[in-house]
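If you want the building blocks of each chain, they are given just below.
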Amino acid sequence: MASINKLSIRGIRAFSPDDDEQVIEFLFPVTVIVGANGCGKTTIIESLKYAVTGALPPGKNAGQSFVHDPKSLGQSNVKANIKLRFTNRAGKSMVLVRAMELTQAKVKLTFKALDGVLRMTDESGKRVSMSHKCTELDRQIPLLLGVSKPILEHVIFCHQEESSWPLQDSASLKVKFDAIFDSTRYTKALKNLDETKKEMRDVAKDLKADVAGLASHKHAAKDFRKELEDQGDMLEELEVKIEEASRQLADTEKDLTEYKETIESMEELQTNLEEKKNEQETLEQLISNQERNITENMTKTHSARQLQDMLSDFEDQVHEREEKRRDLERSRSKIQQKIESIASENMELQGERGRLEAAKDHHRTLLQQRLSKMEDIAGRFGIELTVSQATQSLHTSQYTSLSQGTSASSDDNTQQSLLQISESDMKSFLDALVEKETELKTELKNHRARAQAMEDQVQDVLNELITKSKTHEAAKNRIANEIREANKELGTLKLQGGAGRVRQSDIDEAKRQSSHFAEELEKANKDPRKSEIPVEMRSFEDKIDKLSRQIEDDQRVLADLRTNADSENEITVLKEQLAREMEALQEQIEDRNYEMERHKLEPPNSALLENHETEDIRGEDMVLALETLSSDATEKLDAHISLLEKAQEEVTRQERSLSEKKALLSHNQQSLEANQSRINELEEGSVATYKRIVAAIRQHAATTNASTENLNEDDPQGVYNFVTERLADMDDLAGDSSKSDIVSKVIKRLMKMSKTFDKNGDLVEFRCPCCETTLEDLPRFQSKMKELADPEISPLIKADPEKLQKERAAKANYERWRKTISQCIADVGEHKRLLLESKTLNMTIAEFESAAEALNQEITGTLQANLVEEQTQVDELRLLTQSIQRWVEDVNRIASKKLRVSQKYNDLTMSMTALDTGNRDLRTVERDLEQKRDEKDTLNKRVSRLQKEFMQLNTKAANLSASASRTEQLVKDREAKFAKEKQALMRRTELNEKINQWQDEEKKIVDQMASLRPKIRVKENEKQKQREHSKEEEERLSSNVSSFTGQLSSLKNLDQDIAKSDANNSDHKASLETIEHKLQILKDQKKEQEARLKDELQPELDRIQRSIADQESHRTMISGNLELLKYQEKLKSLEKEMNNLEHELENIEGHDVAMQEYAEASKRKAKLLDTKARLEGRRGGFAEQIRSLKRKLLTPEYKNIDERHRQAMIKHDTTNLAVSDLDKYKKALDSALLRYHGLKIQEINKIIRELWTLTYKGQDITNIEIVSGQDSSSRAAASYNYRVVMSKGGASLDMRGRCSAGQRVLASIVIRLALAETFCVNFGCIALDEPTVNLDYHNKKGLASALCQIISSRANQSNFQLVVITHDEDFVSMMKTELSGQTGFSMPEKYFQVRREEGVDNRFYSRIEAIDWSELL
């Protein structure tokens, strides 16, 4: 058990920092400290609290005010220390030293807590000192004492200023109680468990959905794989079929090519033959047509030359007659143009005359329309039409006839004069019309006024009747609404009454039941078990409390033992891991020693690795050695990487050069191949043609003995020039050959020019065309001219026909050769250029091949060897460097584990030193704990049964009370309902009477409304008839006005048009006379020209045309015979060519079956193509399906689906298990927390109740207790709201704000004592600082008595210590008196007094002095 033994203070508050330490010894069971106010008593509590918890006194600048002020000493800093000798819970003595320093700067004080020291004696008796940081001591000391830090701060060593914390506000109180119960940690754990469970459940749901999705994907993937296999098999079968079809198709293609060549040859010959046959048929048709067209067939009796001469003579005669005919036609055209001009002018005059006559007719029509309009108006509207005598006179002298044949015009003028009306008569008539219009409009206006007055009179009567009807209707609606509301209320009353009527007998029955339940309730309340059960429950609860405290002690011991065992196991495991890891590291380093030596790297010292447990405890030397080795290896690796990069750059450069040369070589080879292909193409085409032409030219020159010195085959332009020169020579020779034709034409022309004709076209005489001498001997002249024109006998023309034919053929050949050579010049030049380029490319290719071979040997030889060697070095060094870096990581991890082992060993040593197990091992403690738990569970079950029995009694009483209340309420409800039904019956009777009255009134109103409706209908009909009659009369009058107005307007417009037409009549007469005169002149001129044309020109022109037609038919016959001879010659040549083609066609092998075999092969090919296309289509479909299936299987949904499904199933199952476990843990922790908190609160309240009864001497407050706000639920509260309540007059009230200062002090002390009694099992110490503040004498005496009883009851507990600090010596005397009367323990020998004494520096410091009890008065 833990306890405090001695405390020494130096430099704290009023304690001197320079004098000796002030020491106080804590006695058993009570230590009393007495002193005046301000002497330093509270400093002792503050020092104890700081020593065990590290908590400074309350205040803003606690640290600066806690240490002695350096300004009071005139120093810049003050050092203070507190030493506490205590016994830990394991019973071992320890010394705690805490040091502090306070420094005075210029304006600011700085407080600093120095490292503390914890001294103890080990098992060998050796003193061991361990330095710890303040935070480490703050954590270790409460563990050594066996109580939590909140208990030390708020219960055991509570500061005087905070001594009344149990009655602070609820927020502050909650913070302190939560810390004391340590409930926040457990509620957070519950919350974390709940949140974790919820998260895991959500994860499980998500995983379940994932598993379902993956299962479907897995099934789909399985189907996809099966389908993929099937598709693959089918694709292989299709590939075999496609190969077979391709092979058959290739054989068929070969056969088709052979058949096609044969058929093409046949078709070419047949096409030529068909063309020739068509041409033959055309020629035969032309010959037949030509024979029909000519009147005489002269081809058998005349040659072509003779027919040509005859045609030339006819052309001369036709020319002369044509010239004369054209002159006559020109004269006829002039006369016809003149006749047309006369006719055109006549047409214009006829048009003008028609226009003037139309204007006169229009004027007469207007006069007639005006008179008709006036007569119509006068007749319709009763207006008198009068015409004066002047108007009726005739004016025929104004319209006389223009000629004897114009009697009809004279009649028209007479009629027009009869239609004329004077202006005065017209004005009088118009004025009469205006008066009539005004009269009609006035009549229409008066009618409208009369109709409106009659309609207003009828409407007034109708409005009066309608008003009466509406009044009756409103009254009827009002009565209907009232009847409807009454019926609605009646329905409601019926519904209320129909729900169940109440009788007087029902009320009596309810009263009888109420009396019965009241009697049963009284019997239940007097049951004796209700007072016996609480007594039994309290007895069992006391036993449970005792067992709970024992179980808690054993649990703490068991937890400590298990923690120590776990720590020992963990240390052992870590040491074994360290040994294995060091052994593996050493083996790895030894395996790499050869490589490190080969690369000149210094391996780490083997002794350093072997002695790591003794010499290098922290592993720092190993880390340093391996880090140095890693740095050296990295430098070596970087150097070799640099060399490797250089070698790679050299190889890359050489390979790039080789690639460039290969690219150039490939380009040159491709160029050479292209050139060679073009050369072959040219040599087979235009170059070969050129060479054949040159050979033909040489051959022709050899036959004609022409010189070929300038003919060079390599110079195509020279060859072209040679051919051109030869053509020029041939043109000169050709001039001689065509001279005969020219001479013949000149002679024939001279013969035509010698003929002289008269103006009628008749031949008169022959004259010499040169000297114009008349030729007397005409037959001799004509015979001589024909002789000179005949090429066979003419001395002017001498020619060899065979020679001429050869020269023409040669010229045609040369012209064809020149044309072909001009087309071949570019190709021959290109051929020559390509030959030179090919030669150059061959040389370049040879050079590039040798250079590329040399570069390739260099790359694959020296450079590649160097590169491989450097790459090997780099790879080895990289692997070695990576291994060394792993060694560094491993050794760092090993060093970290070593440090952890060291720390855990120190913590284990300290924990084992402070642990008090009562000489029991782990199994013994577990067995004892299990027995106590079983006993406690048995007691809890008995308490639960009693609680259940008590609850049943309470439930029975509560049920009886509820039944009694319910029956009493039922009596009241039935009485109220009975009275309400009476009132409803009266109300229904009243409503029925009112409804009958309203129905009678409604009937009367309906009768009155029925008598008004016929009167309203009569008046409405009368109004409608009157309105229709007025409307008809108004429409008639309006129509008359509109019609009259329109007629008047139309008459005025006609009168205006007639006035305009009268103004133009005087001009029309003169114009008509002029036009008639001109028409007569034109008629005479036209007759004269037509007579000349008919009598003079036309007969002469007809005669010449007949003569020309006769000559033309003769010439046509001669030309037709010439054409017929040409067609006959062409037909003979064509028949010869056709015979040759038929012979060639018969000589073609297989010409009779080629078409049939080609058709069969084509069918086979089409069938094979269709089969192959279908197979390839199916193959494409299968391939696409396979690709699609593979893509699907590679998509994220199906990739590794089996493994993902298995992993998801594992995760889902493990997550569900985790959710189940978390739920179990939460329920277990929740139940434990609920039981623990409830038991602790009960235990604390029990002690509070006993101490309050013993201490408080007043009569107003019977008891106080702590309420946590926890109900009887089966779940632990997430948060507790603590408060202190007092029982006053049978009621529970919050003590805060309702108690006096003395009651507050006493309640705080009692609560602290109860908390210490409950939680301070390992450390039974409590310090009371000024407990008598605000207490009166009786309460002080009660407190003294209570403390003495506590001391007496706890004196046998070896670690119980009560420290009382007070200034009240009377209270000390009371405690002495009370303690003297107690038995079972020995009184302490002394108490301590604190006072201020003057030091050597004339300053007052606090001093502690021990005084015997006997000296206390």
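Being a predicted model, the structure only gives us computed values, none of them experimental. (Residues numbered from 1 in each chain as written. Predicted model: local features only at pLDDT ≥ 70, side-chain atom pairs only at ≥ 80, totals over all residues. Heavy atoms only, no water.)

Asks: Quick question: what am I supposed to make of the overall build of the chain here?
Replies: Helix and strand content of the chain: 27 helices and 17 strands. Buried residues in the chain amount to 36% of all 1417 residues. Put simply, of all contacts in the chain between residues at least 6 apart along the chain, 79% involve residues at least 24 apart. For the chain, the exposed area adds up to about 83700 Å²; of that, 49% sits on carbon and sulfur atoms. (Helix = DSSP H or I, 4+ residues; strand = E, 2+ residues; numbered from the N terminus. Buried < 20%, exposed > 50% of the residue type's maximum accessible area, 1.4 Å probe, protein only. Contact = heavy atoms within 4.5 Å. Areas by Shrake-Rupley, 256 points an atom, 1.4 Å probe, with all protein chains shown as cover.)

Asks: Explain the sheet that holds strand β12 (residues 1283-1288) here, please?
Replies: Adjacent strands of a sheet pair through backbone hydrogen bonds, lying either parallel or antiparallel. Taken in spatial order, the 3 strands of this open sheet run β11-β12-β13, and their pairing is antiparallel. Strands at the two margins of the open sheet, each flanked by one partner only, are β11 (1263-1267) and β13 (1291-1294). When the angles between neighbouring strand axes are averaged without regard to direction, this sheet yields 35°. The pairing of β11 with β12 spans 5 bridges and is antiparallel. From the neighbouring strand, Ile1266 faces β12, where its bridge partner is Val1284. (Pairing = 2+ DSSP bridges. Axes fitted to C-alpha atoms, helices over the stretch in contact; angles between N-to-C directions.)

Asks: Would you mind showing me how to read the pairing of strand β14 (residues 1325-1329) here?
Replies: Side chains on a regular strand alternate between the two faces of the sheet. The buried fraction of β14 amounts to 5 of the 5 residues, a majority that puts the element mostly inside the structure. What you see with β14 is no split at all: Cys1325, Ala1327 and Asp1329 on one side and Ile1326 and Leu1328 on the other are buried throughout. Bridge count between β14 and strand β15 (residues 1361-1366): 5 bridges; the pairing is parallel. What sits directly across from Asp1329, in β15, is Ile1365. Crossover handedness for the path β14 to helix α26 (residues 1337-1354) to β15: right-handed. (Right-handed = clockwise from strand over helix to strand, strands pointing away.)

Asks: Help me out: how do you make sense of the nonpolar core in this one?
Replies: Inside soluble globular proteins, nonpolar side chains tend to come together where they are buried. Counting 110 residues, the largest nonpolar core has Phe86, Phe157, Met1295 and Phe1323 as its most contacted members. In terms of residue count, the dominant contributor to this core is helix α25 (residues 1301-1319) (11 residues). Dropping the residues within four chain positions of it, Phe157 is found in contact with Ile4, Ile45, Leu48, Lys49, Val52, Leu152, Phe1323, Cys1325 and Ala1327. Of all hydrophobic cores here, the second largest spans 22 residues; its members include Met582, Val623, Ile884 and Leu908. (Core = buried A, V, L, I, M, F, W, Y, C linked by side-chain atoms within 4.5 Å.)

Asks: Help me understand the state of the cysteines in this model?
Replies: When the sulfur atoms of two cysteines share a covalent bond, that bond is a disulfide. For the coordinates displayed, the defined rule picks out 0 disulfides. Of all cysteine sulfurs in the structure, the one in Cys1320 sits closest to Cys1325, which takes part in no disulfide; the separation is 8.3 Å. (Disulfide = S-S within 2.5 Å.)

Asks: Where do I start with a negative patch on the surface in this structure?
Replies: The grouping of Glu195, Glu199, Asp202, Asp206 and Asp210 at the surface amounts to a negative patch. With respect to the helices and strands, the residue Asp210 is situated in helix α7 (residues 183-293). Asp210 sits in the partly exposed class, given a relative accessible area of 41%. (Patch = residues over 30% accessible without salt bridge, like charges linked within 9 Å, V, L, I, M, F, W, Y side chains within 5 Å. Salt bridge = Lys/Arg side-chain N within 4 Å of Asp/Glu carboxyl O. Lys, Arg positive; Asp, Glu negative; His and termini not counted. Charge placed at Lys NZ, Arg CZ, Asp CG, Glu CD.)

Asks: I tried to follow the packing of aromatic side chains on my own but got confused; where do I start?
Replies: Two measures describe an aromatic ring pair: the distance that separates the ring centres and the angle between the ring planes. In the structure shown here, the tally under the stated rule is 5 aromatic pairs. Considering the side-chain rings of Phe157 and Phe1323, the 6.4 Å spacing of their centres and the 55° angle between planes classify their relative orientation as tilted. Taken together, the residues span a long stretch of sequence, with Phe157 in the loop between α5 (149-156) and α6 (170-181) and Phe1323 in the loop between α25 and β14 at a distance of 1166 residues. Like Phe1323, Phe157 is buried. Arranged with centres 5.6 Å apart and planes meeting at 70°, the rings of Trp165 and Phe177 form a pair that is edge-to-face. (Phe/Tyr/Trp six-rings, centres within 6.5 Å; stacked < 30°, edge-to-face > 60°.)

Asks: Help me understand the environment of Glu650 in this model?
Replies: Mapped onto the secondary structure, Glu650 falls in helix α16 (residues 620-684). Along the chain, Glu650 and Leu863 lie 213 residues apart, while their C-alpha atoms are 7.6 Å from each other.

Asks: Help me out: how do you make sense of the sheet that holds strand β17 (residues 1404-1412) in this one?
Replies: Read from one edge to the other, the open sheet built from 5 strands follows the order β14-β15-β3-β16-β17, with strand pairing classed as mixed. The two strands at the open ends of the sheet, each matched to only one other strand, are β14 and β17. With strand direction ignored, the average angle separating the axes of adjacent strands in the sheet is 20°. Set on the sheet, helix α27 (residues 1369-1381) makes contact with β3 (30-35) and β15; between it and β3 the angle comes to about 155°.

Asks: What is the right way to look at the pattern of salt bridges in this model?
Replies: Pairs may arise between side chains of opposite charge once their charged atoms sit close together. According to the stated counting rule, one finds 25 salt bridges in the structure shown. Here Arg247 makes a salt bridge to Glu244, at a shortest N to O gap of 2.3 Å. Remark: Glu244 and Arg247 occur in helix α7; sequence separation between them is 3 residues, near one turn of the helix. Of the charged contacts, one joins Asp875 and Arg878 as a salt bridge, the two residues approaching to 3.7 Å between their closest N and O atoms. Residue Asp875 and its partner Arg878 are located together in helix α21 (residues 801-914), separated by 3 residues, close to a single helical turn. Since its relative accessible area comes to 33%, Asp875 is described here as partly exposed. Residues joined in a network through salt bridges with shared partners are Lys197, Asp1223 and Lys1227.

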